[in-house]
Amino acid sequence: MTSYNTVCTNKRDIAVTFIEQLSAAWQTQNSQLCIGLDPDLAKFPAHLQGKPDAVLTFSKAIIDATADIACAFKPQIAYFAALRAEDQLEDICKYLRERYPHIPIVLDAKRGDIGATAEQYAREAFERYGADAVTVNPYMGFDSVQPYVERKDKGVIVLCRTSNAGGSDLQFLDVGGKPLYQHVAHLVADKWNTSGQCALVVGATFPNELAQVRAIVGDMPLLIPGIGAQGGDIKATVEAGRTENGTGMMINSSRAILYAGKDQNFAQAARQVALDTRDAINQHCK
Ligand SMILES: O=C(O)c1cc(=O)[nH]c(=O)n1[C@@H]1O[C@H](COP(=O)(O)O)[C@@H](O)[C@H]1O
């Protein structure tokens, strides 16, 4: 297939931490679009169906077609685990690290467990897969997040106000006069972020809450899923989520990009949707 990218020869050690890497990617890629890698065999084009390495082939094609317009790639671990394709996820992460070292890998795992177990999950994310950042669930408190923040070079992206409707069941509960999601935002910004490596997940489906979180956390990066297949409005999302200098966001889209095309040209179709999405985001950043 067509390669849309020149291979970056700069090594990751130029940008040492996840936050530095992300900030550099916002500039060099001119993008705040995070592309989610959520492989679903049923949605793959026919010519890849039944192939043993279909997940790897599909993912590499999407990556090569979009790597010049993405600020991050976010593989969702459940999609790989359900297919017994963790080895292909390892290969995808290796491919990203070697070929596109300037683009951060966000492993979407939403882990949360007691400290000793969290240590193993952290090793899985950072050593097995070589991720630059991982999504974590704050529900079990700081000791469950500590093994991740101990890796000061890595990003720790804490669920705050998730994009799903059911998120309101807990995240809107009143905690000392404010909703729980705002409490989480304060907790992370004021206490957990001692090494400046934290970020928060806030859904694009809730721009009002997104604006509230931005007001609480200043320039902290936000991972913002919910545009594309979930219907979040890009203009409202960007206006609510951008920092004063117009950055600060990893706005994620997965299915709308991955499955834009259904035939041999699926990667080109994905690129076109990704380009349109990146441009729509940029249009409202200033
Ligand atoms: O942490 C996430 O990435 C996440 C948080 C959230 O609140 N909502 C949400 O949709 N996600 C993830 O973002 C991706 C959204 O996929 P699409 O709806 O296909 O764009 C999926 O991998 C979700 O698991």
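What counts and how
- Residues numbered from 1 in each chain as written.
- Predicted model: local features only at pLDDT ≥ 70, side-chain atom pairs only at ≥ 80, totals over all residues.
- Axes fitted to C-alpha atoms, helices over the stretch in contact; angles between N-to-C directions.
- Helix = DSSP H or I, 4+ residues; strand = E, 2+ residues; numbered from the N terminus.
- Parallel < 35°, antiparallel > 145°, perpendicular 65-115°, else oblique.
- Left-handed = near helix turned anticlockwise from the far one by under 90°.
- Contact = placed C-beta atoms within 7 Å.
- Nonpolar A, V, L, I, M, F, W, Y, C, P; charged D, E, K, R; others polar.

Asks: Could you give an account of the packing of helix H9 (residues 207–217) against helix H10 (residues 234–241), naming the residues involved and the relevant values?
Replies: In the contact formed by H9 and H10, the axes pass within 8 Å of each other and the chain directions differ by 15°. Considering the angle they form, H9 stands roughly parallel to H10. Once H9 is placed against H10, the crossing between them reads as right-handed. Of the residues in H10, those touching H9 at Pro207, Leu210, Ala211 and Arg214 are Ala236, Thr237, Ala240 and Gly241. Classifying every residue of the contact of H9 with H10 gives five nonpolar, two polar and one charged.

Asks: How would you summarise the packing of helix H8 (residues 180–192) against H9 if you had to cite specific residues and measurements?
Replies: Interaxial distance between H8 and H9 falls to 9 Å at its minimum, and their mutual angle equals 25°. Viewed along their axes, H8 and H9 adopt a mutual orientation that is roughly parallel. Along this stretch, H8 crosses H9, giving a crossing that reads as right-handed. Residues Tyr181, Gln182, Ala185, His186 and Ala189 of H8 form the contact with H9, whose participating residues are Glu209, Gln212, Val213, Ile216 and Val217. When its residues are assigned to classes, the contact of H8 with H9 shows six nonpolar, three polar and one charged.

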